[in-house]
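# Chains, contacts and geometry: an overview
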Number of protein chains: 2
Amino acid sequence: MPQAEKISFDPHPPVDPRVEMLVNELIGRVADKWTLLVLEELEDHGTCRFTELARLVPGISQKMLTQTLRAMERDGLVHRQVFAVVPPKVEYCLTDLGRSLGEAFCGVWHWAEAHLCEVEGARAAFDARGEGSKSSSVI
Amino acid sequence: MPQAEKISFDPHPPVDPRVEMLVNELIGRVADKWTLLVLEELEDHGTCRFTELARLVPGISQKMLTQTLRAMERDGLVHRQVFAVVPPKVEYCLTDLGRSLGEAFCGVWHWAEAHLCEVEGARAAFDARGEGSKSSSVI
DNA sequence: CGGCATCCTTTACGATACTG
DNA sequence: CAGTATCGTAAAGGATGCCG
């Protein structure tokens, strides 16, 4: 077991399959590549209307925005408030759960900051050789 | 600015676009849903052969496994060692970078463990109402 | 054994048009 | 304004077969 530092428990042998599934679902959801961006904007701007979010998140389509927000709402990450006014008005904001998820991803964020150069270097080195041919270390 | 707690620096206003791109790429990569599983198995078992991994990761196809391992190798997350023997033999193991990425995802992992019930509850509540109709809190 | 190439099915996604 | 519905394209992914 390579790592045994100060973290209380590493879920390696005894891992609840429901947790594992949720982690993968979560990652998968966040990986639709829009969720994280929406989360960020809602973190930064607090409460936002639909069109506001569509404008804040660069290239998102309204279809994807709706889909993303629905999924996030279903998971309890965002709160959706509908005002029954004549021009429709819907506001979205993060729940506590949503904010805590954002914090949970800080580890990944910081990893990316810290190891950006290493990853770029590894990619350059990989691409430099014939990546389609006999790569890696051959013995 | 809604949050200003105890975290040293939140990359919100001054965020390197390369970092942001890497985070999304990273999430996107991990979200292919296989990377995390492969990472786990390599963490648990150390060095593995190709077929071994294919057996360890439940429903993965060899195509996806190859693709996943190539991408991870390119990013410097795994080390690929080819033995030029008569029945071909290829061994994969995590690099330090790969192990550190696994640790970075511990935050998400722990979040999933801690908030599993909340998410399941939120989903049940969402599904209970007509999720296709007038949902959420209407004012 | 490890993997690449091909085919084929499924899915994701964007664009467009329409509704309350 | 904030969606829903339909369509068409594009990409992901599984199955199969061949090669080193």
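To start, this report covers the structure provided alongside it. All values reported here derive from a predicted model rather than from experimental measurement. (Residues numbered from 1 in each chain as written. Chains lettered and ligands numbered in written order. Predicted model: local features only at pLDDT ≥ 70, side-chain atom pairs only at ≥ 80, totals over all residues. Heavy atoms only, no water.)

## As for helix 5 (residues 96-104) of chain A
Rule in force here: Between buried and exposed lies partly exposed: a residue is buried under 20% and exposed over 50% of the maximum accessible area for its type, with that area taken using a 1.4 Å probe on protein chains only. Numbering of helices and strands starts at the N terminus; helices are DSSP runs of H or I of at least 4 residues and strands are runs of E of at least 2. Between two residues, a contact is recorded if the distance between any of their heavy atoms is within 4.5 Å.
Among the residues of helix 5 of chain A, Leu97, Gly98, Ser100, Leu101, Gly102 and Ala104 of chain A are the ones counted as buried. Buried residues along helix 5 of chain A sit against helix 1 (17-30), helix 2 (35-45), strand 3 (89-94) and helix 6 (106-128) of chain A together with helix 6 (106-128) of chain B.

## What about the relation of the copies chain A and chain B?
Each of the two chain copies can be brought onto the other by rotation about an axis and movement along it. Rules: When the copies are superposed, the least-squares fit draws on C-alpha atoms of residues that have pLDDT of at least 70 in both.
Once chain A has been moved 0.0 Å along the axis and rotated by 180 degrees, it coincides with chain B to within an RMSD of 0.2 Å. Interpreted geometrically, this transformation is the action of a two-fold axis. For chain A, the smallest separation between a C-alpha atom and the rotation axis is recorded for alanine 31 of chain A, amounting to 2.5 Å.

## Details of the protein's contact with DNA strand D
Rules: Nearness is judged by heavy atoms alone; a residue qualifies as near a molecule or strand once a single heavy atom is within 4 Å of it. As used in this structure description, the phrase polar contact means that two N or O atoms lie within 3.5 Å; if the pair is within protein, one of them must be able to donate a hydrogen and the other to accept it, and residues adjacent in sequence are counted only when both atoms belong to side chains. Gly is placed with the polar residues, together with every amino acid not listed as nonpolar (Ala, Val, Leu, Ile, Met, Phe, Trp, Tyr, Cys and Pro) or charged (Asp, Glu, Lys and Arg).
Around DNA strand D, the surrounding shell holds 14 residues, and the nearest of these are Thr51, Arg80 and Tyr92 of chain A together with Lys63 and Met64 of chain B. Within the contact set of DNA strand D, a phosphate oxygen lies 3.0 Å away from a side-chain nitrogen or oxygen of serine 61 of chain B. The separation between a base oxygen of DNA strand D and a polar side-chain atom of lysine 63 of chain B is 2.5 Å. For the surface near DNA strand D, the element with the most residues is helix 4 (residues 62-74) of chain B, which contributes three residues. Residues belonging to the surface near DNA strand D are distributed by class as follows: six nonpolar, four polar and four charged.

## Side note on the protein's contact with DNA strand C
Around DNA strand C sit 14 residues, and of these Lys63, Met64 and Pro88 of chain A together with Thr51 and Arg80 of chain B come closest. Between DNA strand C and arginine 70 of chain B, the relevant distance is 3.2 Å, taken from a phosphate oxygen to a side-chain nitrogen or oxygen of the residue. Arginine 80 of chain B places a side-chain nitrogen or oxygen 2.3 Å from a phosphate oxygen of DNA strand C. Broken down by secondary-structure element, the contributors of at least two residues to the surface near DNA strand C are helix 4 (62-74) of chain A together with helix 3 (50-56), helix 4 and strand 3 (89-94) of chain B. Counting residues per element, the surface near DNA strand C draws most heavily on helix 4 of chain A, which supplies three residues. Looking at the surface near DNA strand C, its residues break down into six nonpolar, four polar and four charged.

## Considerations on the sheet that holds strand 4 (residues 137-138) of chain A
Rules: If DSSP finds at least two bridges between two strands, the strands pair. Helix axes are fitted to C-alpha atoms over the stretch in contact, other axes to C-alpha atoms as well, and angles between N-to-C directions run from 0 to 180 degrees.
On the basis of which strands lie adjacent, the open sheet formed by four strands has the order 4(A)-2(B)-3(B)-1(B) and mixed pairing. Every other strand in the sheet has two partners, leaving strand 4 of chain A together with strand 1 (48-49) of chain B as the edge strands with one partner each. Relative to strand 2 (residues 78-83) of chain B, strand 4 of chain A runs parallel, the two being bridged by two bridges. Pairing of serine 137 of chain A across the sheet is with glutamine 81 of chain B, part of strand 2 of chain B. Across the face of the sheet, helix 2 (residues 35-45) of chain B comes into contact with strand 1, strand 2 and strand 3 of chain B while running at roughly 90 degrees to strand 3 of chain B.

## Considering the interface of chain A and chain B
Which entries qualify depends on this criterion: Here the buried area means the combined drop in accessible surface, using a 1.4 Å probe, for two parts upon being joined, counting both sides. One side-chain nitrogen of Lys or Arg within 4 Å of one carboxyl oxygen of Asp or Glu is enough to make a salt bridge.
Listed by partner, the interface residues are 68 residues for chain A and 69 residues for chain B. Summed over both sides, the interface of chain A with chain B buries roughly 6500 Å², with 62% coming from carbon and sulfur. Counting every contact that joins chain A to chain B gives five salt bridges. For glutamate 120 of chain B, the salt bridge goes to arginine 18 of chain A, with nearest N and O atoms at 3.1 Å. The interface formed by chain A and chain B includes nine residue pairs in polar contact (both at pLDDT 80 or more). Listed by contribution, the elements that provide at least two residues to the side of chain A that touches chain B are helix 1, helix 2, helix 4, strand 2 (78-83), helix 5, helix 6 and strand 4 of chain A. Looking at the side of chain A that touches chain B, the element that brings in the most residues is helix 6 of chain A, giving 17 residues.

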